[in-house]
Amino acid sequence: MRWVKRGLLVVAAVLIVALLVGAIGGIWTTRRSFPTTSGELQVVGLDSSVEVLRDRHGVPTIVASTTDDLFRAQGFVHAQDRFWEMDIRRHITAGRLSELFGADQVDTDRFVRTLGWRRVAEAEVEMLDERTLAMLEAYAEGVNAWMDGKRGSQLSLEHALLRVTGAGGYEPEPWTPADSVAWLKAMAWDLRANLEDELARARLHDVDLGAGSHWEDLYPAFPEDRHPVILPEGGTIEAGSFVPGTGATDPDAAELRAAALDLDDPEVATTLAAAYDALQTAPALLGDGSHDGIGSNSWVLSPERSTTGSAVLANDPHLGPSQPSLWYQVGLRCDPVGPDCPYEVAGFSFSGVPGVVIGHNARVSWGFTNLGADVTDLFIERIDGDRYLTEDGWEPLEVHQETIRVAGGDDVTIDVRQTRHGPLFSDVSEAGGEIATGPLGQETTDEADADDEYAVALRWVALDPTTTMDAVPRFMLAEDWASFREAARRFEVPSQNLVYADVDGNIGYQAPGRVPVRTSGDGTLPQPGWTGDAGWERFLDFEELPWTLNPEAGYLATANQPVLAPGGDPFLGADASQGHRGARIVELLEAQGQHSPTDLLAMQMDNHNANAETLAPALIAVDDRGDEGVAAVQAELAGWNLQDDADSAGSAAFNVTWRHLLVLTFHDVLPEWAHPNGSGRWWEVVRHLLDEPDSPWWDDVEAAGNRDRDDVLHAAMSTAYDELVETFSDDPDDWRWGELHTLTLTHGTFGASGIGPVERLFNRGPLETSGGSDIVNATGWLANHGYEVIWVPSMRMVVDMGNLDAGRWINLTGQSGRPFHRHYTDQAELWRDGDTIPITFTLPATRAVAVDELTLVP
């Protein structure tokens, strides 16, 4: 027994030593890529020394004496904190994920290669002006200086793990300007507006909705009688500049149907289904842009409407959550500021891209929300071998081959096919090569025959090279409204609502971007590609796009609602937000004559649920029919303040009821791909149905007998009560919205690996959150999937132009992309609670709060 005990002790000791060695090795591997943030580092390529001053949250202000050194240092600092994120982004935008993660990523690579994001980015680099190109090249030099000599865990923990994916021995290529510019393609894709709505409308033509139910009911018009547009006073366009095309304004429904394909034809339905499948392979880098009800908020106040006597700007873009956050806070400052080195700016950047995207300089501030202009169209093409049909006969397809390298597997070669309208992206789906053949129910030409195949081409403005990157340095250097508009002129893709404030008290709005003028239709349905009757005549000139300066109201508010009232020129698109967030923001701004910056921060956290204003009274009015569960839900709704607070029982009761109401009303007739996501569009759909208690939409087509509105409302509350009891208890005091509505900060690659221990290395949370879809505090969720947060205010910022050291901001996670670093998630709980950290702008204020000082030397 003594020898057995001694043997067990030896085994235990060996295990302890092994665990200690493993732990020490793990800590060493994890911390090996942590950045040096104090002292002195030599950086190849610098002309002179550069200071990097970091505050207690790791936010750097970079101080340099030359423009080239400023952006070299930004590239170096971005790589210090976020190199894995940068490296993975350039692989995504180049369609090269399979090189790192194997065959599972081939479909995503095929999609990106088919659209050609990288090819377009490389073409754009050749078009940029000298200042922009110099900025990109200096930035790339800084990234490469950081990368020099590093491998594996020296680059990141993620790079160290690549050996288990079959990409062992991977060494990053040098950074190039095209790597930075390609990120603009990803940004444009995820903010693409109505592509999915266009496809869904077309596919619903082939769905039997039952007698009396129409797909048009699911796409209500913007409620202009209740919700304000962005420019209720009307936008300014240069006198005489707007020249309408035949499709520049919204035609009536009859003309739309006449111009469209026979969408009831089964061959068309098969073709469109292949296009839908192809879209499911697309990467979602900023968030899934296919969901309506998501977007962003921004508003600006004139000095007369501000308690500070200065113009004030607020912005919180709504994007998909990620770990790390999509944004990186940074200050960029020349010392001294002068003609040769003119930059002094603070704001939010994208790692991998030089400069600041949203922020302020010493004179102006600016913010973005998505304009929602319709910049994509689908064309169904007739294909015969290597040619496609046009109104003038057959034309050759543009075809080229791409080779996708696959870690741990054989290379995959794909044919990328393109017509005059764009790439045939339906080829990406498995069904793309097996699309049904036969006539599409419409005469074409005598040359067409029944053996043609069909495919869907994508016309998208971002596939044409532009000089959008030229806008970035111009925004940073803008000094007044005129120079700001010149910067906006170059911001062509994606189209955004730009808000502006300056130190002189001016506030303004500008809609930039390449917006097509169509020869027919309004972009809400796919068109036949072979007739020549559909297409894009041209793009709106910048002078044709609406803007305003110093409106009479003393404020401007954008929340993805339409810019102009329906019917206004120019026509920008038919699928903007229904305007619930915009209406609430205006209501809050109008509630008092003046607002402080603190008031605006509180507004960004407003949790008022406008859907409940209409629906909750209808639910409360229903006879409970002796059902104690229904009565309990009604009691909570009756005492609820309509705020979706995390600790609210009423909010939990309402949102769970809302989800079940949508299931009961629509899931029996709509296919799964069309199930309601519960966004603002569906708020309006149900609002209209509440006035029609016997509408066929309320009926259950799968059950005998008739069902009306009150039956559905009652059943929704009853099933909601059952879910709440199962989740919490039968005591409503235990019901909490935040416990259902959680946010898990998920690493974009290893955090979704399906391997628990690996995911725990990278993911953080869950965090209990307040807010919801189409609420000002827009923590979006999908009613057809669950209550988990899938869309967030990705950052929040408020800038007082009268005191640039008094600004406040917050990031979703933290500055670092390196797991276990102290700045990996140190802003996450502050973000959740609506707290912010200071923006220090002037050099004395920045030095006063610096906790780390690093000097980069040549």
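The structure we're discussing is the one just above.
Note that this is a predicted model, so its numbers are computed, not measured.

**Re the pairing of strand β8 (residues 358-361)**
- Alternating positions in β8 separate into two faces, I358 and H360 on one and G359 and N361 on the other, with burial throughout.
- Pairing of strand β7 (residues 344-349) with β8, which is carried by 4 bridges, proceeds in the antiparallel orientation. Of the residues in β8, the one forming a bridge with V345 is N361.
- With 2 bridges joining them, β8 and strand β9 (residues 364-370) adopt antiparallel strand pairing. Bridging from a neighbouring strand, G359 pairs with W366 of β9.

**A word on the state of the cysteines**
- For the structure on display, the rule yields 1 disulfide.
- The disulfide bridge from C334 ends at C341, spanning 2.1 Å between sulfur atoms. Residues C334 and C341 are joined through a disulfide that is left-handed, its torsion about the S-S bond being -75 degrees.

**Brief notes about the pattern of salt bridges**
- Counted according to the given criterion, the structure contains 49 salt bridges.
- Among the salt bridges present, the one from E344 reaches R333, with a minimum N-O distance of 3.2 Å. In this pair, E344 is assigned in strand β7 and R333 in strand β6 (residues 328-334), connecting sequence segments 11 residues apart.
- A salt bridge links E492 to R514; the shortest N-O distance between them is 3.9 Å. Placement of the pair is E492 in the loop between α13 (481-489) and β17 (496-502) and R514 in the loop between β18 (507-510) and β19 (516-518), with a sequence separation of 22 residues.
- A cluster of three or more residues bridged by salt bridges with shared partners is formed by D87, R90, R118, E122 and D179.

**Re a negative patch on the surface**
- A contiguous patch of negative charge, built from D730, D731, D733 and D734, is present on the exposed surface.
- Along the chain, D731 falls in the loop between α20 (709-727) and α21 (737-740).

**A look at the sheet that holds strand β2 (residues 50-54)**
- Judged by pairing direction, the sheet is mixed, and its 11 strands sit side by side in the order β1-β30-β2-β3-β6-β7-β8-β9-β17-β18-β22 without closing on themselves. Of all strands in the sheet, those bounded by a partner on one side alone are β1 (39-42) and β22 (547-549). Adjacent strand axes in the sheet meet at a mean angle of 15 degrees when their direction is disregarded.
- Where β2 meets strand β30 (residues 852-857), 5 bridges bridge the pair, whose relative direction is antiparallel. Opposite V50, over in β30, you have L856 as the bridge partner.
- Sheet strands touched by helix α2 (residues 67-93): β1, β2, β3 (60-64), β6, β7 and β30. Its angle to β6, the strand with the most contacts, is close to 160 degrees.

What counts as what
Residues numbered from 1 in each chain as written. Predicted model: local features only at pLDDT ≥ 70, side-chain atom pairs only at ≥ 80, totals over all residues. Heavy atoms only, no water. Buried < 20%, exposed > 50% of the residue type's maximum accessible area, 1.4 Å probe, protein only. Helix = DSSP H or I, 4+ residues; strand = E, 2+ residues; numbered from the N terminus. Pairing = 2+ DSSP bridges. Disulfide = S-S within 2.5 Å. Salt bridge = Lys/Arg side-chain N within 4 Å of Asp/Glu carboxyl O. Patch = residues over 30% accessible without salt bridge, like charges linked within 9 Å, V, L, I, M, F, W, Y side chains within 5 Å. Areas by Shrake-Rupley, 256 points an atom, 1.4 Å probe, with all protein chains shown as cover. Lys, Arg positive; Asp, Glu negative; His and termini not counted. Charge placed at Lys NZ, Arg CZ, Asp CG, Glu CD. Axes fitted to C-alpha atoms, helices over the stretch in contact; angles between N-to-C directions. Contact = heavy atoms within 4.5 Å.

All we've got here are geometric facts, nothing functional implied.
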